[in-house]
Amino acid sequence: EMDEASFSNLSTIDGSITADVIDQFAWNFGDNSSGSTLENPTHTYQMDGTYQVTLTVTSNKGCDANTTLPLLIYPGPDAPEAVEDTSCFGYPAFLIAQPQAGQDVDHVNWYTEAVGGSPFETNFTFVTPPLTSTQTYYIEAVSGFGCRSPRVEINAYTHDESVGRLVVNDSILEIPQAIAEFAVIGGSPIATYDWDFGDGNSSTDSAPVHEYKNAGKFLVTLNYLTENGCEGQFSQLMEVKELIVVS
């Protein structure tokens, strides 16, 4: 985006001349605009390049003088490419502001607002806080001359995951038929299963069947990865009893 150029009048009248004051200012910004009659104006150039800026001053007695100086307007960089990311619920996302190829970009400003505000980050990458919903940020490239690009949106998304539930045929079993049948129902599709039955045995089946040989209480844990690569865990306390036969 184009910044305003600020101009300052430094004109003076020879000290030997009395009763004369400068009371008119005519600025020609060299870009075919309408100019300005302010003493210290600002002006926004629409294109980069070198412009011949002329100031003409006129005294209260009609005497005038002018001076011309060149002004170089540097080109601003194009908006960076927003490389977005999608993370699992409760995890951070990794965002990248990629400068356009071949451009002079010193750093990237990151904002939470589309307009105004102060940058909270000035690197080319940003790791978000843990996400519970989509977060939107805004980035602008800044050249080595301090020229800024338009501000563009960059998003950090979360996978739309739903949590199912672990089910078992019975949480209280009796030896010698202490056979537990486990499964997960509902929720997002699961890609990998890692079952720990709490008695030193494990399984990677989606719906394992496990027989307990000893009495006791066992904490069954399932660590899993969804098809989106998101981690999850279920647990179930099992109680295994010896069958008491009364004769």
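The structure this text deals with has already been given above.
These remarks concern the structure in this document. Quick caveat, the model's predicted, so the values are computed rather than measured. (Residues numbered from 1 in each chain as written. Predicted model: local features only at pLDDT ≥ 70, side-chain atom pairs only at ≥ 80, totals over all residues. Heavy atoms only, no water.)

**Focus: the pattern of salt bridges**
Then, number 1: One pass over the full model with this rule turns up 4 salt bridges.
Then, number 2: Of the charged contacts in the structure, one is a salt bridge between Glu 140 and Arg 148, with a shortest N-O distance of 4.0 Å.
Then, number 3: You can call Arg 148 partly exposed: its relative accessible area is 22%.
Then, number 4: Overlapping salt bridges, with partners in common, bring together Glu 140, Arg 148 and Arg 151 in one network. (Salt bridge = Lys/Arg side-chain N within 4 Å of Asp/Glu carboxyl O. Buried < 20%, exposed > 50% of the residue type's maximum accessible area, 1.4 Å probe, protein only.)

**A word on the sheet that holds strand β9 (residues 107-111)**
Then, number 1: Taken in spatial order, the 4 strands line up as β7-β12-β11-β9 in an open sheet, and their pairing is mixed. Each of the sheet's edge strands pairs with one partner strand only, and the pair in question is β7 (85-87) and β9. Here the average twist between neighbouring strands, direction ignored, is 30 degrees.
Then, number 2: The pairing of strand β11 (residues 135-142) with strand β12 (residues 152-158) spans 5 bridges and is classified as antiparallel. (Pairing = 2+ DSSP bridges. Helix = DSSP H or I, 4+ residues; strand = E, 2+ residues; numbered from the N terminus. Axes fitted to C-alpha atoms, helices over the stretch in contact; angles between N-to-C directions.)

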